[in-house]
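# Secondary and tertiary structure notes
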Amino acid sequence: MSDVMAAPRAKVEEKLFQNRYLVDAGRPHIKVKPHTTPSASLMSMVTLCPAGCYSQTEGGQVEVAADGCLECGTCRIVTRKTGEVEWNYPRGGFGVLYKFG
Amino acid sequence: MGEFNKPFDAIVVGAGPSGNACAYMMAKEGLNVLQIERGEYAGSKNVQGAILYADALEKIIPEFRDEAPLERHVIEQRMWMMDDKSHSGMHYRSDDFNEEKPNRYTILRAQFDKWFSSKVKEAGALVLYETTVTELVKDLSGKVIGVRTDRQGSPIMANVVILAEGVNGLVGQRSGLRNEVSPDSVALAVKEMHFLPRETIEARFNLSGNEGVVIEAMGTITKGMTGTGFLYTNEESISVGIGCIVSDFAETNVTPNELLEAFKNHPSIKPLLADSECKEYAAHLIPEGGYKAIPQLTGAGWIVVGDAGQFVNAVHREGSNLAMTTGRIAAETVVSLTRKREEMTAANLAEYEKRLGQSFVMKDLKKYKGIPELLHKNKGNFFGTYPKLISSAMQTWFRVDGIDKISKEKAIFRNFRETRTLWGMMGDAFKMVRAWR
Ligand SMILES: Cc1cc2nc3c(=O)[nH]c(=O)nc-3n(C[C@H](O)[C@H](O)[C@H](O)COP(=O)(O)OP(=O)(O)OC[C@H]3O[C@@H](n4cnc5c(N)ncnc54)[C@H](O)[C@@H]3O)c2cc1C
Ligand code: SF4
């Protein structure tokens, strides 16, 4: 898998810069519940989130920074059984704004 | 907001193709319709390839070709089987597709949905944007009688609520009207918009005027996961994307972005995108469970249409047309009940399911009900072994290297048998044929 893995993480952030967002400052629409050890499902979001919103802290917990979220809903579906993620749509009008879709 | 004191004939949640079709048809027939969309404008949250199938829209707005923002009409379809360095496949191009009323167009959803939404308003519906429906309101008997939103303090009432909220429909799932979507019955797709001068696109794809080409691709590009890639020509841009079943992604640790990068850099794709400027990166889920994943579609005071009801034919990559058709049929059901002054009870609304059963929507989904499971269970073969075998067979056959053709045939056959037993291959072929019928 080394060929695909070579693409650096930063690239996804560069891509997100091209998108338009209206960030609802201070009201993130996705939260990870406090935990000591993340489940395998939650851990998988670190690679699975198409916007790279999930990352692992030094302590081993998984956190989310949802500003670049594309609102696909994948993390909600993947962690539904473990209940570790609290997911809502952003308030009406906020979040990603696709120009082309 | 005095207008909200009286119940609406119908509330439509969502302004994608299913919600727009439904709201338009009901408003045109004189019903008092409220449509609620969480995006700043219709389309601002929506992602599609995107191919528009004319027939479904023509049944709703016959003259749409004169005004809808359409990109190119499709005259050529390429189906590619890819391994890491090659593609083989089938191309079909016909001048017959240059007809007066073309059958398929490429579109950009953000612009298309905005246009469709303007038609809904023209037809007389009230449309609220930037408003998220947070929950359904039920009476003591459990009948849905309205919705709550994140903008209006008090609930908004209606005789019936049409849930056109898409694959990720939280309202219906949280109200327990249907099960939560499971990771093995949805695909996650990522997509980019690449801009090029229109002359460059026309030269690169051998097109003139508004002619367009679409490429659907499968093979090792999805690294053994169940999924497909696509590349569609628009007027001045190219849509390129790839999607795989979510549970497969979760197992493999390949990031969607890296998968798309690898697809874009495939030697068969890269020259098609050369020198383009990427202006958007998007992600969206696609329901892929097919017939078996369709949830309960109606109940007292509510109807589900479009992606929220899992109405996608993954084999033929049709979704927006099923969305519009289910939206239209739901509207026809509600209009006929309203005219007859009948209640929106579960029994009366079941008429929608009956009408769907007679349409191409249910017939097509039923036809392919075995495909999602077949592909998923045999993904290693369909998305790894076979594409590689086909590529190596093609190479053995086409290389002229002094080896006689009988020996080449034998080598190809041996390679197939060694990689996958004859029984295994015949079994897969048999299962495929059976699932296809
Ligand atoms: C990458 C990709 C490629 C595709 N390619 C094709 C193709 O080429 N051809 C084709 O026919 N189909 C294609 N599809 C499928 C097609 O896009 C869908 O089937 C179609 O969009 C479904 O329409 P819908 O109206 O049911 O849902 P959506 O288009 O998802 O619309 C739902 C709407 O509801 C709104 N909403 C959701 N919840 C709320 C709420 N609580 N309150 C207010 N508003 C809400 C959303 O903002 C959205 O506008 C593709 C899909 C993807 C992801
Ligand atoms: S909704 Fe999609 S883009 Fe947003 S954080 Fe979850 S997985 Fe990432």
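Residues numbered from 1 in each chain as written. Chains lettered and ligands numbered in written order. Predicted model: local features only at pLDDT ≥ 70, side-chain atom pairs only at ≥ 80, totals over all residues. Heavy atoms only, no water.

## Some details on the overall build of chain B
Each helix and strand in chain B was counted, giving 15 helices and 18 strands. Taken over C-alpha atoms, the radius of gyration comes to 23 Å for chain B, in line with the 22 Å a tight globule of 437 residues would show. Expressed as lengths along the three principal axes of its C-alpha atoms, the size of chain B is roughly 85 × 50 × 40 Å. Here chain B, with 437 residues, has 58% of them falling under the buried criterion. If you take every contact in chain B between residues at least 6 apart in sequence, the share linking residues at least 24 apart comes to 71%. When the accessible surface of chain B is summed, it comes to about 18000 Å², and 52% of that surface belongs to carbon and sulfur atoms. Averaged over its 54 positive side-chain charges, chain B has a centre that lies 5 Å from the centre of its 56 negative ones. (Helix = DSSP H or I, 4+ residues; strand = E, 2+ residues; numbered from the N terminus. Rg over C-alpha atoms; globule rule 2.2 N^0.38 Å. Buried < 20%, exposed > 50% of the residue type's maximum accessible area, 1.4 Å probe, protein only. Contact = heavy atoms within 4.5 Å. Areas by Shrake-Rupley, 256 points an atom, 1.4 Å probe, with all protein chains shown as cover. Lys, Arg positive; Asp, Glu negative; His and termini not counted. Charge placed at Lys NZ, Arg CZ, Asp CG, Glu CD.)

## Comments concerning the site of ligand 1
Surrounding ligand 1, one finds 40 residues, the nearest of these being Ser 18, Glu 37, Arg 109, Asp 307 and Ser 320 of chain B. Positioned at a junction of chains, ligand 1 has nearby residues supplied by chains A and B. Between a nitrogen atom of ligand 1 and a main-chain N or O atom of Val 133 of chain B, the distance comes to 2.9 Å. Within the side chain of Ser 320 of chain B, an N or O atom sits 2.6 Å from an oxygen atom of ligand 1. Protein contact buries 97% of the 1000 Å² of open area that ligand 1 shows by itself. (Near = heavy atom within 4 Å. Polar contact = N/O pair within 3.5 Å; in protein donor to acceptor, adjacent residues only side chain to side chain.)

## Topic: the confidence of the model for chain A
Averaged over chain A, the pLDDT score is 91; the fraction of residues at 70 or greater is 90%. Note that pLDDT drops below 50 for residues 1-10 of chain A; the model gives that stretch 14 contacts with residues more than four away or on any other chain. (pLDDT = per-residue confidence, 0-100.)

## Regarding the UniProt feature "domain: ETF-QO/FixX C-terminal" (unreviewed entry) in chain A
In this structure's numbering, the residues bearing the UniProt feature "domain: ETF-QO/FixX C-terminal" (unreviewed entry) are residues 47-98 of chain A. Taken end to end, residues 47-98 of chain A is 13% helix and 23% strand, and its two terminal C-alpha atoms sit 23 Å from one another. (UniProt positions renumbered as here; feature names shortened; annotations may be inferred.)

## Remarks on the site of ligand 2
What surrounds ligand 2 is a group of 14 residues, the closest being Cys 49, Cys 69, Cys 72, Gly 73 and Cys 75 of chain A. In terms of residue class, the shell around ligand 2 is made up of eleven nonpolar, two polar and one charged. (Nonpolar A, V, L, I, M, F, W, Y, C, P; charged D, E, K, R; others polar.)

## Some details on a nonpolar patch on the surface
Judged by side-chain polarity, Phe 413, Leu 422, Trp 423 and Met 426 of chain B come together as a nonpolar surface patch covering roughly 480 Å² of accessible area. Position of Met 426 of chain B among the secondary structure elements: in helix α15 (residues 422-436). (Patch = residues over 30% accessible without salt bridge, like charges linked within 9 Å, V, L, I, M, F, W, Y side chains within 5 Å. Salt bridge = Lys/Arg side-chain N within 4 Å of Asp/Glu carboxyl O.)

## Let's talk about the sheet that holds strand β7 (residues 126-128) of chain B
All names here are of chain B. What the six strands build is an open sheet, ordered β7-β2-β1-β11-β18-β17; its pairing is mixed. Two strands lie at the open edges of the sheet, namely β7 and β17 (298-299), each paired on one side alone. As paired elements, β17 and strand β18 (residues 302-304) share two bridges and run antiparallel to each other. Residue Gly 299 lies in a different strand from β18, and its bridge partner there is Trp 302. (Pairing = 2+ DSSP bridges.)

## A word on the nonpolar core
With 72 residues, the main nonpolar core has Met 26, Phe 64, Phe 116, Ile 162 and Phe 311 of chain B as its most contacted residues. The element that contributes the greatest number of residues to this core is helix α9 (residues 320-339) of chain B, accounting for eight residues. Met 26 of chain B has contacts with Ala 10, Val 12, Leu 31, Val 33, Ile 162, Ala 331, Val 334 and Val 335 of chain B, leaving out every residue within four places of it along the chain. Counting 62 residues, the second largest nonpolar core, distinct from the first, contains Ile 30 of chain A together with Ala 217, Ile 221 and Phe 249 of chain B. (Core = buried A, V, L, I, M, F, W, Y, C linked by side-chain atoms within 4.5 Å.)

## Quick notes on the pattern of salt bridges
Taken as a whole, this structure holds 32 salt bridges over all chains when the rule is applied. The residue Lys 59 of chain B makes a salt bridge to Asp 55 of chain B at a minimum N-O spacing of 3.0 Å. Accessibility expressed as a relative area gives 46% for Lys 59 of chain B, which makes it partly exposed. Across the salt bridge formed by Glu 192 of chain B and Lys 264 of chain B, the nearest N and O atoms sit 2.8 Å from each other. Here Glu 192 of chain B is found in strand β12 (residues 186-195), whereas its partner Lys 264 of chain B is found in helix α7 (residues 256-264), with 72 residues between them in sequence. Neither Glu 192 of chain B nor Lys 264 of chain B differs from the other in exposure class; each is buried. Several salt bridges share partner residues, and in doing so they unite Lys 11 and Lys 15 of chain A together with Glu 192, Glu 261 and Lys 264 of chain B into one network.

## Some words on the packing of helix α1 (residues 17-28) of chain B against α9 of chain B
Describing two packed helices takes the angle between their axes plus the distance from one axis to the other. All names here are of chain B. Contact geometry for α1 and α9: axes closest at 7 Å, N-to-C directions at 30°. On the basis of their axis angle, the class for α1 and α9 is roughly parallel. Crossing geometry of α1 relative to α9 is assigned as right-handed. Where α1 abuts α9, its residues Pro 17, Ser 18, Ala 21, Cys 22, Met 25 and Met 26 lie against Ser 320, Ala 323, Met 324, Gly 327, Arg 328, Ala 330, Ala 331, Glu 332, Val 334 and Val 335. (Axes fitted to C-alpha atoms, helices over the stretch in contact; angles between N-to-C directions. Parallel < 35°, antiparallel > 145°, perpendicular 65-115°, else oblique. Left-handed = near helix turned anticlockwise from the far one by under 90°.)

## Digging into the domain arrangement of chain B
Residue and element names in this part refer to chain B. What the domain assignment reports for chain B is domain 1 (2-70 + 106-180 + 290-367), domain 2 (184-287) and domain 3 (371-436). Taken over C-alpha atoms, the centre of domain 1 sits 29 Å from the centre of domain 2. On the side of domain 2, 19 residues touch domain 1, which itself brings 15 residues to the contact. When domain 1 packs against domain 2, the two sides together hide about 1500 Å² of surface, and 63% of this comes from carbon and sulfur. Of all residues in domain 1, Val 47, Val 167 and Arg 317 give up the largest surface area on contact with domain 2, accounting jointly for 37% of the area buried on that side. The tally of links between domain 1 and domain 2 comes to one salt bridge. Across the pair Glu 216 and Arg 317 runs a salt bridge, and its minimum N-O distance is 2.9 Å. Summed over the shared surface of domain 1 and domain 2, the result is six residue pairs in polar contact (both at pLDDT 80 or more). (Domains from an automatic or database assignment. Buried area = accessible area lost by both parts, 1.4 Å probe.)

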